[in-house]
Amino acid sequence: MKQKTPTGTVLYTIEQTIKEYRKICQKNIQKIVSDITVDQCLVLIILNDNVQISQIEIAKLIFKDNASITRIIELMVKKDYLSREINDLDKRKSKLVITEKGKKTIVSLTPVFKLNRSTALDGLSPDEIELLDKLLNKIITNCKTS
């Protein structure tokens, strides 16, 4: 018999799901690139898709506070995945640019990203995925409006 605990709710199951997904993502990423994290990969993907995005916007997209995203980006600059350039529009800000190493990393990890998603969603029909997305978005809305 399953024990009823505060962690025995669907919300904790969602959290466990996220943690397990991140673990498998990191494990698969490490097989290809040993010195990059899931969050650093997310930063690369986001910057690759939108070169003009701000650091604050990146932080929001990957659910990090400003201090955390600053640390992540500093590590990425040290590891040569990113470089900083002067922003022509506002000299007080810097522009993040993906380096050659970062571009090669995106290319080599793209199949891993697809594998991670297909592994996680294996056995779910498109209708189930759509329903799950709707339900999770409903929970998000409930939390934001309370």
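Here the structure is a predicted model, which is why all the values come from computation and not from measurement.

(A) Main features of the side chain of N28. Of note, N28 is situated in helix 1 (residues 10–32). What makes N28 buried here is its relative accessible area of 8%. Dropping the residues within four chain positions of it, N28 is found in contact with V112, L115 and N116.

(B) Fine view of the packing of helix 1 against helix 2 (residues 38–49). At a minimum axis distance of 9 Å, the contact between helix 1 and helix 2 shows a crossing angle of 80 degrees. Taken as axis vectors, helix 1 and helix 2 run roughly perpendicular relative to one another. Facing R22, C25, Q26 and I29 of helix 1, the residues of helix 2 in contact are V38, D39, C41 and L42.

(C) Representation of the packing of aromatic side chains within the structure. Evaluation of the coordinates by the stated rule reveals zero aromatic pairs. One cation-aromatic arrangement involves K101 over Y81; the distance from NZ or CZ to the ring centre is 4.5 Å.

(D) Spatial organisation of the environment of Q52. Relative to the helices and strands, Q52 is located in the loop between helix 2 and helix 3 (55–61). For the pair Q52 and K95, spaced 43 residues apart in sequence, the C-alpha separation works out to 7.7 Å.

(E) Here's a closer look at unusual backbone geometry. Residue F63 is not a glycine yet carries a positive backbone phi of 60 degrees. With respect to the element layout, F63 can be found in the loop between helix 3 and helix 4 (66–78). According to the relative accessible area criterion, F63 is exposed, its value standing at 77%. We note that D80 has phi near 70 degrees; this positive angle belongs to a residue other than glycine.

(F) Spotlight on helix 2. The terminal C-alpha atoms of helix 2, which comprises twelve residues, lie 17 Å apart, in line with the 16 Å expected from a rise of 1.5 Å per residue. Turning to helix 2, its buried residues are V38, D39, Q40, C41, V43, L44, I46 and L47.

(G) Layout of the packing of helix 2 against helix 4. One way to put it is that helix 2 packs onto helix 4 with a least axis distance of 10 Å and a crossing angle of 80 degrees. On the basis of the axis angle, helix 2 is roughly perpendicular to helix 4. In this structure, helix 2 contributes D39, Q40, V43 and L44 to the contact, and helix 4 contributes I69, I72, L75 and M76.

(H) Molecular detail of the environment of K60. On the secondary structure map, K60 appears in helix 3. Since its relative accessible area comes to 62%, K60 is described here as exposed. Each C-alpha atom, one on K60 and one on I32, is 27 Å from the other, the two residues being 28 residues apart in sequence.

(I) Molecular detail of helix 1. End to end, helix 1 covers 34 Å across 23 residues, agreeing with the expected 33 Å (1.5 Å per residue, within 8%). Considered for burial, the residues of helix 1 that qualify are C25, N28 and I29.

(J) A look at the pattern of salt bridges. For the structure shown, the criterion picks out seven salt bridges. A salt bridge links K23 to E20; its shortest N-O distance comes to 3.1 Å. One end of the pair is K23 and the other is E20, both in helix 1 and three residues apart, which spans about a single turn. Residue E20 is classed as partly exposed on the basis of its relative accessible area of 40%. Three or more residues joined by partner-sharing salt bridges are found here, namely R22, D39 and K64.

Conventions and cut-offs
- Residues numbered from 1 in each chain as written.
- Predicted model: local features only at pLDDT ≥ 70, side-chain atom pairs only at ≥ 80, totals over all residues.
- Heavy atoms only, no water.
- Helix = DSSP H or I, 4+ residues; strand = E, 2+ residues; numbered from the N terminus.
- Buried < 20%, exposed > 50% of the residue type's maximum accessible area, 1.4 Å probe, protein only.
- Contact = heavy atoms within 4.5 Å.
- Axes fitted to C-alpha atoms, helices over the stretch in contact; angles between N-to-C directions.
- Parallel < 35°, antiparallel > 145°, perpendicular 65-115°, else oblique.
- Phe/Tyr/Trp six-rings, centres within 6.5 Å; stacked < 30°, edge-to-face > 60°.
- Lys NZ or Arg CZ within 6 Å of the ring centre and 35° of its normal.
- Expected span 1.5 Å × (residues − 1).
- Salt bridge = Lys/Arg side-chain N within 4 Å of Asp/Glu carboxyl O.

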